[in-house]
Amino acid sequence: MFYWVTKYTLGVSLKIVFRFWSRGVRNVPRRGPVILASNHLSFADHFFGPFPVPRKVTYLAKAEYFNGPGIKGFLSKAFFSGVGQIPIDRSGGAASEAAIRTGLGVLAQGKVLGIYPEGTRSPDGRLYRGRTGVARLALESRAPVVPCAMVDTFEFLPRDSFRPNMKIRPGVIFGKPLEFSQYYGRETDRDALRAVTDEIMQAIHALSDQEYVGEYIKKSSSKSPESAGETDQAG
């Protein structure tokens, strides 16, 4: 219930105050499991990305959002728990596989799962190589993948900034659903996972028009990985 209250209060406020816009939301299927695969430019993406979607979007959020100390930690846990986000351990290995299984559980319930294939926020506004956790989810669940592009949120709320740039009007674009039936049954094939991931990233690139970087975001470049998108089961 808190999710919908937040959506129709904070969401409307964000649209009015920041002149937020969206395009292509009709491309998101109205029923059945769906994966929203988005670029990730700013902490603001957590708000602007899911709000235009008429369905609840569940993200696999980093566990640090749920176990921080003090009042700030309590408020963070209350908010992310209240809007239905699921904490995951990002330490790799068995934890990465557990994140995949959690995401598959969300999709098995016919829900919308949000994921950032880059694994963390872009350090410079460019689009980086996607990690193959999104491909594992797509092939094992056989859910369609809707590419999603956050636009100008990097300039709207830069890293380590708490003051939005009111001169920037952020937005989000939803592309047409992608399906990968030609790869079904190849969930453990490294080449298939890489091909699916690259196709998803190309679709995001076409929507966002960002400069593309053919390498992963180095963890040292970013202190806050955001989701199970950083899971790379194919290495």
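Note: the structure precedes this text.
Here the structure is a predicted model, which is why all the values come from computation and not from measurement. For every chain, the first residue of the written sequence is number 1, and numbering continues from 1 onward in sequence order. A pLDDT threshold of at least 70 governs which residues receive local features in this predicted model, and a stricter bar of 80 or more applies before side-chain atom pairs are shown or counted, although totals over entire chains, interfaces and linings include all residues. Side-chain measures here rest on the full set of heavy atoms in the structure, leaving out hydrogens and waters.

Enquirer: How would you sum up the pattern of salt bridges? Please name residues and give values.
Expert: A pairing counts as a salt bridge when a side-chain nitrogen of Lys or Arg comes within 4 Å of a carboxyl oxygen of Asp or Glu. Tallied over the entire structure, the rule returns nine salt bridges. Residue Glu97 pairs with Arg101 through a salt bridge whose shortest N-O separation is 2.7 Å. Placement of both Glu97 and Arg101 in helix α4 (residues 94-108) is noted, with a separation of four residues, approximately one turn of the helix. A relative accessible area of 26% means that Glu97 is categorised as partly exposed. Only protein chains enter the accessibility calculation, which uses a 1.4 Å probe; a residue whose area is less than 20% of its type maximum is buried, one above 50% is exposed, and one in between is partly exposed. Among the residues examined, Arg101 registers a relative accessible area of 42% and is labelled partly exposed. Counting from the N terminus, the helices are DSSP H or I runs at least four residues long and the strands are E runs at least two residues long.

Enquirer: Give me the lowdown on the packing of aromatic side chains, citing residues and values where you can.
Expert: In summary, the pairing rule links any two rings of Phe, Tyr or Trp, Trp by its six-membered ring, whose centres are within 6.5 Å, and it sorts them by plane angle into stacked for under 30 degrees, edge-to-face for over 60 and tilted for everything else. A full pass over the atoms with the stated rule returns six aromatic pairs. For the ring pair Phe20 and Phe48, a centre distance of 4.6 Å and an interplane angle of 15° mean the geometry is stacked. Taken together, the residues Phe20 in the loop between α1 (2-18) and β1 (21-23) and Phe48 in helix α2 (residues 45-48) connect sequence positions 28 residues apart. Per residue, the accessibility class of Phe20 equals that of Phe48, and both read buried. Looking at Arg131, its charged tip hangs above the ring of Tyr216, at a distance of 4.2 Å from the centre. Consider the ring centre and the ring normal. A charge sits over the ring if Lys NZ or Arg CZ is within 6 Å of that centre and within 35 degrees of that normal.

Enquirer: Can you tell me about the side chain of Ser38, naming the residues and giving the values?
Expert: Inspection of the secondary structure puts Ser38 in strand β2 (residues 34-38). Note on Ser38: relative accessible area 3%, which makes it buried. Residues adjacent in sequence count toward polar contacts only when both atoms are side-chain atoms; beyond that, a polar contact is any pair of N or O atoms within 3.5 Å, and within protein one must be able to donate a hydrogen and the other to accept it. At 3.3 Å, the side chain of Ser38 and the side chain of Asn39 are in polar contact. Residue contacts are defined here by distance: any two heavy atoms, one from each residue, within 4.5 Å place the two residues in contact. Once you skip the residues sitting within four places of it in the chain, Ser38 turns out to touch Ile115, Tyr116, Pro117, Cys148, Met150 and Ile204.

Enquirer: Can you lay out unusual backbone geometry for me, pointing to particular residues and giving the numbers?
Expert: For Arg142, which is not glycine, the phi torsion reads 60° and is therefore positive. One can find Arg142 in the loop between α5 (133-141) and β7 (145-151). The backbone phi angle of Asp152 is positive, close to 70°, even though this residue is not glycine. Tracing the backbone through its elements, the reader meets Asp152 in the loop between β7 and α6 (153-156). For Asp152, a relative accessible area of 36% corresponds to the partly exposed category.

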